[in-house]
Amino acid sequence: RKHAEQAQAPTVLPYRFGPRLENSATVPRKELLRFLTEASLLNQLIVVRGPPGSGKTTLLAQWLELSRKVDRPVAWLTLDAADAHAATMVAGMADALEHAGCKATAERFRAVTLEVGLFAISQAARDLAAAGNAANERPIIILDRFERIDGSPIDELVSCLLHHSTSLTLVIASRTRPAIPLGALRARNQYVEIGPSDLNLTPLEARAVFDADVPEMYTRRLHLETSGEAVAVGFARRVLDTPGGGLDTGSWREQLGEYYRTEVLDS
């Protein structure tokens, strides 16, 4: 019965196993998408790190859609504070894997879920790795909002899992660099990171956000003054889409600062 309830979770929590995006203009991040695709074929751990509003979830949502078009098995799990408990985390990964069509790996992960709490985290991680290796599905799991559980026993679970796994790739999106021990992964060339500056839009991407609505000289100036930060470009696009311009008082820099404080940092 417990397993049946877990299998029904995707219908109860629609954004647990897929991205929840704001209704704002986006552009395909072609270079980053290509980098993610290549990195996922060669590395066990990919970290996408940046501040709120930098476009981490948007980028990974684009990559998820692209991967599904070529039938790559990619699961998505949006984390919250409850996932700091190892059993909840493993159950969530199992549900995400089933939602992505990796039923063999999901079933084996659920079998290990019953052991979590009875044995040490390292033992549970070894059993998870063995289960995934036996399934032979080679899935990718995206863990979004990892900062919500960073510093918990999950760091040890992830580290041990990747150490023993030959079939699993993890993609972690986080506001901060995860506390997972990375030395062994780096030594084996199994770790790559997309950092805050990498997430900034290029001049061509910033131009594509506005298309013909704004002359190119202004989009280039916007990129020059904001370094192409996604939150700034998104703010400018929202101003254009708001009747009356959306700027009541103050300079655009003041309005951008207020937007960042109230809509990004407060959340």
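What you are looking at is a predicted structure, and each value in this text was computed from that prediction instead of being measured.

Colleague: Hey, could you run me through the packing of helix 11 (residues 203-210) against helix 13 (residues 230-241) in this one?
Modeller: Packed helix pairs are characterised by how far apart their axes lie and by the angle those axes make with each other. One way to put it is that helix 11 packs onto helix 13 with a least axis distance of 10 Å and a crossing angle of 20°. Judged on the interaxial angle alone, helix 13 and helix 11 are roughly parallel. Crossing angle aside, the handedness with which helix 11 passes helix 13 is right-handed. On the side of helix 11, the interface is formed by A206, V209 and F210, while helix 13 contributes V233, A236, R237 and L240. Taken together, the residues that form the contact of helix 11 with helix 13 break down as 6 nonpolar, no polar and 1 charged.

Colleague: I keep staring at the pattern of salt bridges and nothing clicks. Help me out?
Modeller: Two side chains that carry opposite charge are able to pair once their charged atoms sit near each other. For the coordinates displayed, the defined rule picks out 11 salt bridges. Ionic pairing is found between D83 and R16, a salt bridge with its closest N-O pair at 2.7 Å. Separated by 67 residues along the polypeptide, D83 in the loop between strand 2 (74-78) and helix 5 (86-99) and R16 in the loop between helix 2 (9-12) and helix 3 (30-42) bring together distant segments of the chain. The pair D83 / R16 is uniform in exposure class, with both members buried. For E147, the salt bridge goes to R175, with nearest N and O atoms at 3.7 Å. Of this pair, E147 sits in the loop between strand 3 (140-144) and helix 8 (154-164) while R175 is found in the loop between strand 4 (169-174) and helix 9 (183-187), placing the two residues 28 residues apart along the sequence. Bridged by salt links that share partners, the residues R49, R177 and E193 form one connected network.

Colleague: Explanation requested: empty space enclosed by the protein in the structure shown.
Modeller: One simple way to see leftover space: roll a probe sized like a water molecule over the atoms. Tallied over the full model, the rule gives 2 cavities of 30 Å³ or more. For the largest cavity, the full set of lining residues is T105, F109, L128, A129, G132, P139, L161, S165, S167 and L168. Only helix 6 (103-113) and helix 7 (121-135) provide two or more residues apiece to the lining of the largest cavity. With 3 residues, the single largest contributor to the lining of the second largest cavity is helix 11. By residue class, the composition of the lining of the second largest cavity is 2 nonpolar, no polar and 3 charged.

Colleague: Could you clarify how one ought to interpret unusual backbone geometry in this entry?
Modeller: Most peptide bonds are trans, and most residues other than glycine sit at a negative phi. Positioned with a positive phi, D71 is a non-glycine residue whose angle comes to about 65°. Mapped onto the elements of the fold, D71 is located in the loop between helix 4 (56-69) and strand 2. The exposure class of D71 is exposed, given its relative accessible area of 68%. Phi is positive for N136, close to 60°, though the residue is something other than glycine.

Analysis parameters
Residues numbered from 1 in each chain as written. Predicted model: local features only at pLDDT ≥ 70, side-chain atom pairs only at ≥ 80, totals over all residues. Heavy atoms only, no water. Axes fitted to C-alpha atoms, helices over the stretch in contact; angles between N-to-C directions. Helix = DSSP H or I, 4+ residues; strand = E, 2+ residues; numbered from the N terminus. Parallel < 35°, antiparallel > 145°, perpendicular 65-115°, else oblique. Left-handed = near helix turned anticlockwise from the far one by under 90°. Contact = heavy atoms within 4.5 Å. Nonpolar A, V, L, I, M, F, W, Y, C, P; charged D, E, K, R; others polar. Salt bridge = Lys/Arg side-chain N within 4 Å of Asp/Glu carboxyl O. Buried < 20%, exposed > 50% of the residue type's maximum accessible area, 1.4 Å probe, protein only. 1 Å grid on protein atoms, 1.4 Å probe; cavity = no way out; pocket = protein on both sides within 12 Å on 5 of 7 lines; lining within 4 Å. Points joined across faces, edges and corners; volume = space filled by probe spheres on them.

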